[in-house]
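Fold and contact review
Below, each chain spelled out in residue letters.
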Amino acid sequence: MNLILATRNEHKLLEIRKLFDFAGVRVQSALDFPEVPEVEEDGGTFEANAIKKASTLCRVTGFHALADDSGLEVKALAGEPGVYSARYAGEPVDYHANNVKLLRELQGVENREARFVCVMALAFPDGRVETVRGECRGRIAAACRGTNGFGYDPLFIPEGHEQTFGELEESVKSRISHRAHAMQQAVTAWKQLLAIPR
Ligand code: IMP
């Protein structure tokens, strides 16, 4: 059977490809299907966006499709930036400007609790869609620290650590991140489904 990945991010493609690399499953990406339209991520939840991306890809290609959506939720900001994480400081996407805005919003705020969330959706050609969710709890630092990773990594201190994702080894992040947790769940939940063609 064919499994199509919605992401055009080479790093994510490689990671997911490795996870779903088992007998009978041929993993391809949206890049192999130029007719797939760009999907507007206008949902109010990570689930809604992931489902929209997976369903569109499944409908256009006719194959099983996997999509993800992720972002940062800050408790003191009622879950913001949430689904607006990429464009928190406006267009075009600017990671540094997003971090500056987040620090400004949290100036003088004592509760720095936050979590990264990653939702993955699998759309089946018969119309069903299933989702799994991975989270990584932590807190927002007082200032940006470190150059590893991307996005909010220089500001995010994962639970059980004192350094930000920007400072920690990438191997630590790839073990404990929201994306790692979502992927583990995805493999557990869907390996069987995908290995047995319907
Ligand atoms: P996407 O859905 O994976 O494209 O992520 C949307 C936005 O959430 C990104 O542009 C980042 O701002 C933020 N984000 C998601 N995952 C991470 C991460 O692992 N580290 C830092 N920022 C992230």
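Scoring rules and cut-offs
Residues numbered from 1 in each chain as written. Predicted model: local features only at pLDDT ≥ 70, side-chain atom pairs only at ≥ 80, totals over all residues. Heavy atoms only, no water. Helix = DSSP H or I, 4+ residues; strand = E, 2+ residues; numbered from the N terminus. Rg over C-alpha atoms; globule rule 2.2 N^0.38 Å. Buried < 20%, exposed > 50% of the residue type's maximum accessible area, 1.4 Å probe, protein only. Contact = heavy atoms within 4.5 Å. Areas by Shrake-Rupley, 256 points an atom, 1.4 Å probe, with all protein chains shown as cover. Lys, Arg positive; Asp, Glu negative; His and termini not counted. Charge placed at Lys NZ, Arg CZ, Asp CG, Glu CD. Pairing = 2+ DSSP bridges. Axes fitted to C-alpha atoms, helices over the stretch in contact; angles between N-to-C directions. Phe/Tyr/Trp six-rings, centres within 6.5 Å; stacked < 30°, edge-to-face > 60°. Lys NZ or Arg CZ within 6 Å of the ring centre and 35° of its normal. Patch = residues over 30% accessible without salt bridge, like charges linked within 9 Å, V, L, I, M, F, W, Y side chains within 5 Å. Salt bridge = Lys/Arg side-chain N within 4 Å of Asp/Glu carboxyl O. Near = heavy atom within 4 Å. Polar contact = N/O pair within 3.5 Å; in protein donor to acceptor, adjacent residues only side chain to side chain. Expected span 1.5 Å × (residues − 1).

**Digging into the overall build of the protein**
Each helix and strand in the protein was counted, giving five helices and six strands. From first element to last, N terminus to C terminus, the protein shows the α and β order β-α-β-α-β-α-β-β-β-α-α. The C-alpha radius of gyration computed for the protein amounts to 17 Å, which stays within 12% of the reference 16 Å derived for 198 residues, consistent with globular compactness. Expressed along its principal axes, the backbone C-alpha trace of the protein runs to roughly 55 × 30 × 25 Å. Taking all 198 residues of the protein together, the buried fraction comes to 46%. Taking contacts inside the protein between residues at least 6 apart in sequence as the whole, the part at least 24 apart equals 55%. As displayed, the protein has an accessible area near 10,300 Å², and 50% of this comes from carbon and sulfur atoms. Across the protein, the mean location of the 24 positive side-chain charges is 3 Å away from that of the 28 negative side-chain charges.

**Describing the sheet that holds strand S5 (residues 129–140)**
Taking strand neighbours across the sheet as the criterion, the six strands line up as S2-S1-S3-S4-S5-S6 in an open arrangement whose pairing is mixed. Both outer strands of the open sheet, strand S2 (26–29) and strand S6 (156–158), are each paired with one neighbouring strand and no more. Averaged over all neighbouring strand pairs, the angle between strand axes comes to 35°, with direction disregarded. Summarising the sheet, strand S4 (residues 113–123) and S5 pair through 11 bridges and their orientation is antiparallel. Looking across to S5, one finds that Val117 is bridged to Glu135. With respect to the sheet, helix H1 (residues 10–19) is in contact with strand S1 (2–5), S2, strand S3 (64–74) and S4, its orientation differing from that of S2 by roughly 170°.

**A word on the packing of aromatic side chains**
Applying the stated criterion to the full structure yields five aromatic pairs. Pairing Phe116 with Phe165 gives two aromatic rings, centres 6.3 Å apart and planes at 20°, and the pair type is stacked. You can see Phe116 sitting in strand S4 and its partner Phe165 sitting in the loop between S6 and helix H4 (170–176), a full 49 residues away along the chain. Accessibility assignment for this pair places Phe116 and Phe165 in one class, buried. Put simply, the rings of Phe116, Phe156 and Phe165 touch in pairs and so form one group of aromatic residues. Here the basic side chain of Lys101 rests over the ring of Tyr88, its NZ or CZ set 4.3 Å away from the ring centre. Here the basic side chain of Lys173 rests over the ring of Phe165, its NZ or CZ set 5.5 Å away from the ring centre.

**Digging into a nonpolar patch on the surface**
On the surface, Val93, Tyr95 and Phe150 cluster together to form a nonpolar patch covering roughly 280 Å² of accessible area. Tracing the backbone shows Val93 in the loop between S3 and helix H3 (95–105). On the accessibility criterion, Val93 (38% relative accessible area) is partly exposed.

**Let's talk about the site of the ligand**
Taken together, 15 residues surround the ligand, and among them Lys12, Ser70, Asp153, Lys173 and Arg179 come closest. Interatomic distance of 3.2 Å between a backbone N/O atom of Tyr152 and a nitrogen atom of the ligand. The separation between a nitrogen atom of the ligand and a polar side-chain atom of His178 is 3.1 Å. Alone, the ligand offers 480 Å² of accessible surface; in the complex the protein occludes 88% of this.

**Remarks on helix H2 (residues 46–61)**
If you check H2, its first and last C-alpha atoms are 23 Å apart, about what 16 residues at 1.5 Å a residue would give, namely 22 Å. Inspection of H2 places Phe46, Asn49, Ala50, Lys53, Ala54, Thr56, Leu57, Cys58 and Thr61 among the buried residues, and these make up the whole buried set. In this fold, the buried residues of H2 make contact with S1, S3, S4 and S5. Downstream of H2 by one or two residues, Gly62 has phi in the positive range, about 85°.

**Brief notes about the environment of Lys173**
As for its position among the elements, Lys173 is in helix H4. Between the alpha carbons of Lys173 and Pro158 there is a distance of 8.9 Å; along the sequence they are 15 residues apart. In this structure Lys173 touches Phe150, Asp153 and Phe165, once residues within four positions along its chain are discounted.

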